[in-house]
Amino acid sequence: MHFKRLRGTHDIYGDEARGFERLEAAAREVFGVFGFEEIRTPVMEEKELFTRALGNDTDVVQKEMYEFEDRSKVRIALRPEGTAGIVRAYLENNFDKREGLCKFYYVGPMFRSERPQAGRLRQFHQIGVETLGTDSPYADAEVIQCLAAYLDRAGAGGYKIKLNNLGTFEERKHFKGELKKYFEPHQKGLCEDCVRRLEKNVFRILDCKVESCRKVIEKSPPIENFLNAESKAHYAAVCEALDAVGIKYTHDFYMVRGLDYYTKTVFEITHSKLGAQDALAAGGRYDSLIETFGGKPAGAVGFAIGVERLLMCLSPEEPAQGPSANTFFIATLGEEAFREGFKLLSRLRVRGVAALMDFSAKSLKSQMRSADKSKSRYVIILGEDELKKGIFILKDMTNGSQKELGLKEAVDSLVSLRGTN
Ligand code: HAM
């Protein structure tokens, strides 16, 4: 029987696994500098958590959630995103009762049953941050600055930041009504999906990429006309703070988001290397979610980056790093030398030195091939003759030079050799 991985899932290994590791390490470093601490929430939660947070009429809730009933008849969903679970954890662990705001970052798999294509998976990974418990526009600017700093550090230059102001739920209610009034007489110019959206979720029309729809959308009333002074002032303060720290962005007054919890600032990061699925990261403010989940009213803002998409954006000068250049490879000839080599391997590793041996390769030639493949800097050659003399041969793979070293003091001399590189 041959099992295959599920559609839209992938096995991560080799360069991609190294890429993940590097991106995660960079995230911990950059987010730490910005004062975020890691949080790991479960990959499964009550389904209702997502329905309430993301909105019942969103594509994610309607079509994309992996959900099931467990043995005790609880309706469960695999998390399609990280924000809802973090707000739940924030309240459940009483972080809202502590003084000051809460800043979390997270890394992990998300699940959406979408039609798989390049850059769109059913199990994908996000790296994100959430700041909870503040209304300050500086928090919005801080997460955007943090995102830009991270993308720069990761080597994903060439991205674009688009910003919009979605106002409050109240302001949007009014806007929604006006949008409906505007689009209804233009139904002929809209695609089938948009005609459906007119009834279900009129905002999503603004996001449509179909040419004929774009023409109608361009003349629709902009959300700005429906925002009150407080929302406008908040957005202006975010922009001012971004300008002050030199973050470049453009306004996209027709940008809406696929999740319903957003209020005021929303942003999207696109990258030219991504093609049709060009959103590399996205986020925004969600000032009503904490209250929706039973907490005292408090603001929050965050973002998430798609890790698989980020890997697609890295420039070739930023390759995921291969095995350590200082690795020692131990090649042996004969049973006794093998046993001695195996002991040396263990002693090197105990000292924290990366060392390899190929247990199945028999001839010296095939062991040298393995050494080459592993990109080891040095090969330690140990045959019966060397063993008798109490030495081993150290070959430097960068220039082919060889020298003999004493076996007794092997570990110390190899450790100090590594130190000189
Ligand atoms: P989102 O826009 O749904 O936002 O997803 C964020 C990012 O996840 C996208 O920009 C994309 O890079 C990646 N992504 C989404 N779906 C897929 C997929 N099927 N395959 C591959 N990558 C994908 C959120 O999830 C919000 N929780 C972001 C946020 C945090 N807002 C506030 N805080």
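Check the entry above for the structure.
## Some points on the pattern of salt bridges
Per the stated rule, a full pass over the model turns up 28 salt bridges. Among the ionic pairs, Lys162 bridges to Glu268, the shortest N-O distance being 3.9 Å. Placement of the pair is Lys162 in strand β7 (residues 159–165) and Glu268 in strand β9 (residues 263–271), with a sequence separation of 106 residues. For Lys162, a relative accessible area of 22% gives the class partly exposed. Through salt bridges with shared partners, one network takes in Lys47, Glu67, Glu69, Lys73 and Arg75.

## Comments concerning the nonpolar core
Within the largest apolar cluster, 55 residues are counted, with the highest numbers of intra-cluster contacts made by Leu54, Leu132, Phe183, Ile205, Leu206, Tyr261 and Ile290. If one sorts the elements of this core by residue count, helix α4 (residues 83–92) sits on top with six residues. Beyond its immediate stretch of four places on either side in the chain, Leu132 contacts Ile86, Val87, Tyr90, Leu101, Cys102, Phe104, Tyr286, Ile290, Gly299 and Ala300. Listed in part, the 44 residues of the second largest apolar core include Ala27, Ala141, Ala154 and Leu242.

## Remarks on helix α1 (residues 14–33)
For α1, with 20 residues, the first-to-last C-alpha span of 29 Å sits near the 28 Å given by 1.5 Å per residue. Those residues of α1 lying buried are Gly19, Phe20, Arg22, Leu23, Ala26, Ala27, Val30 and Phe31. The inward-facing, buried residues of α1 contact β5 (102–111), β6 (123–132), α5 (137–154), β11 (300–306) and α11 (307–313). Among the residues trailing α1, Gly35 stands out with phi positive, at a value near 85°.

Conventions and cut-offs
- Residues numbered from 1 in each chain as written.
- Predicted model: local features only at pLDDT ≥ 70, side-chain atom pairs only at ≥ 80, totals over all residues.
- Heavy atoms only, no water.
- Salt bridge = Lys/Arg side-chain N within 4 Å of Asp/Glu carboxyl O.
- Helix = DSSP H or I, 4+ residues; strand = E, 2+ residues; numbered from the N terminus.
- Buried < 20%, exposed > 50% of the residue type's maximum accessible area, 1.4 Å probe, protein only.
- Core = buried A, V, L, I, M, F, W, Y, C linked by side-chain atoms within 4.5 Å.
- Contact = heavy atoms within 4.5 Å.
- Expected span 1.5 Å × (residues − 1).

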